[in-house]
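Listed here are the chains, written in short residue letters.
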Amino acid sequence: MRILFVLLLLSLSGSAQVSSRLEINKLTDDLYVYKTYGFFSGNAFPSNSMYLVTDEGVVLFDTPWDKGQFGPLLDSIKKRHNKEVVMCIATHFHDDRTAGFEYYEGKGIKTYSSKLTYDLCKKKNITPAQHFFVNDTTFTIGEKTFETFYPGKGHSPDNIVIWIKDEKVLYCGCFVKSTENSDLGNLSDANVNAWDDSIKKVMNKYPKPLYVIPGHFGWSKGNRDLKHTLKLVKEYKKE
């Protein structure tokens, strides 16, 4: 029994270490992908989010999934760029995108989401953003501009993508699956019947991205992840 208890402690310790990692990768001159970990089906699962460095501060695209990284992310950004985070925008209502809203609002950081996401957060008793937008919206922070686009239902009823034009980067969150994914993952709030049409709208609107960043696992140059997601959706619909 003592051996089993020690093994259990070692297992839990290893899991805690995996889930508490924060990884920051430079994507372009002013865009960084940061990765945190949460647990899904009992396993540590990586989650991609992103931030944009501007003259007026840093903008987060989605929050860390791991609550233990809410503060360390701010500290890492401050140390690396000597700038404060001034804004956070979520791409849909799931907790791997919105978990940090309450924490960041407490730090004086403005939080945003679409009205669809805001309403779903309220319905699900999740802390909503302070501010919401009804239509596709262009934001200008300092010298940087980015736009939101709602293509329709897919991974969730409210999923949006974010286009950073100057960087030619399309941040898609969980709306897009990495080429490392062999299936569509969590479908609890998905509309698979609409997903392929929504993917096609994104591909038509942003035909030549330099990078497409999915919500989990690795990313690719060009629109390979969009094409891969479309393939997965079509395969799922044939089953």
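The preceding data block contains the structure.
To keep things clear, this report deals only with the structure shown in the data block. (Residues numbered from 1 in each chain as written. Predicted model: local features only at pLDDT ≥ 70, side-chain atom pairs only at ≥ 80, totals over all residues. Heavy atoms only, no water.)

### What to know about the nonpolar core
Step number 1: Core analysis: the biggest nonpolar cluster contains 21 residues, and Met50, Phe61 and Phe146 have the highest contact counts within it.
Step number 2: Excluding residues that lie within four positions of it along the chain, Met50 makes contacts with Leu27, Leu31, Tyr32, Val33, Tyr34, Val59, Leu60, Phe61, Ile164, Val169, Tyr171 and Ile213.
Step number 3: Counting residues in each nonpolar core, the second largest holds 19 residues, with Val161, Val176, Leu184 and Tyr206 among its members. (Core = buried A, V, L, I, M, F, W, Y, C linked by side-chain atoms within 4.5 Å. Buried < 20%, exposed > 50% of the residue type's maximum accessible area, 1.4 Å probe, protein only. Contact = heavy atoms within 4.5 Å.)

### What to know about the sheet that holds strand β13 (residues 220-221)
Step number 1: Taken together, six strands build an open sheet; the order of strands is β8-β9-β10-β11-β12-β13 and the sheet is mixed. Here the strands that pair on one side only, and so sit at the sheet edges, are β8 (138-141) and β13.
Step number 2: Pairing of β8 with strand β9 (residues 144-149), which is carried by four bridges, proceeds in the antiparallel orientation. Across the sheet, Phe139 pairs through a bridge with Phe146, a residue of β9.
Step number 3: Seen against the sheet, helix α6 (residues 192-205) touches β9, β10 (161-164) and β11 (169-173) and runs at an angle of roughly 150° to β9. (Pairing = 2+ DSSP bridges. Helix = DSSP H or I, 4+ residues; strand = E, 2+ residues; numbered from the N terminus. Axes fitted to C-alpha atoms, helices over the stretch in contact; angles between N-to-C directions.)

### Observations regarding the pairing of strand β6 (residues 110-114)
Step number 1: Counting buried positions along β6 yields four of five residues, so the element is predominantly enclosed.
Step number 2: Across three bridges, the pairing between strand β5 (residues 85-89) and β6 is parallel. Bridging from a neighbouring strand, Cys88 pairs with Thr111 of β6.
Step number 3: Note: β6 against strand β7 (residues 131-133), three bridges, orientation parallel. Looking at β7, one finds that Ser113 is bridged to Phe132.

### Quick look at the environment of Leu210
Step number 1: The residue Leu210 is located in the loop between α6 and β12 (211-214) in this model.
Step number 2: For the pair Leu210 and Asn223, spaced 13 residues apart in sequence, the C-alpha to C-alpha distance is 8.0 Å.
Step number 3: Those residues within four positions of Leu210 in sequence are excluded, and the remaining contacts are Glu167, Lys168, Ser220, Lys221 and Gly222.

### Overview of the sheet that holds β5
Step number 1: Reading across the sheet, the seven strands line up as β1-β2-β3-β4-β5-β6-β7 and stay open at both edges, with mixed pairing between neighbours. Two strands close off the open sheet at either side, each with one partner strand: β1 (23-26) and β7. On average, each strand axis in the sheet is inclined to that of its neighbour by 25°, with strand direction left out of account.
Step number 2: With five bridges joining them, strand β3 (residues 43-54) and strand β4 (residues 57-61) adopt antiparallel strand pairing. Within the sheet, the bridge partner assigned to Met50 lies in β4 and is Phe61.
Step number 3: Of the strands in this sheet, β6 and β7 are in contact with helix α5 (residues 115-123), which crosses β6 at around 100°.

No statement about biological role is implied by the geometric values presented.
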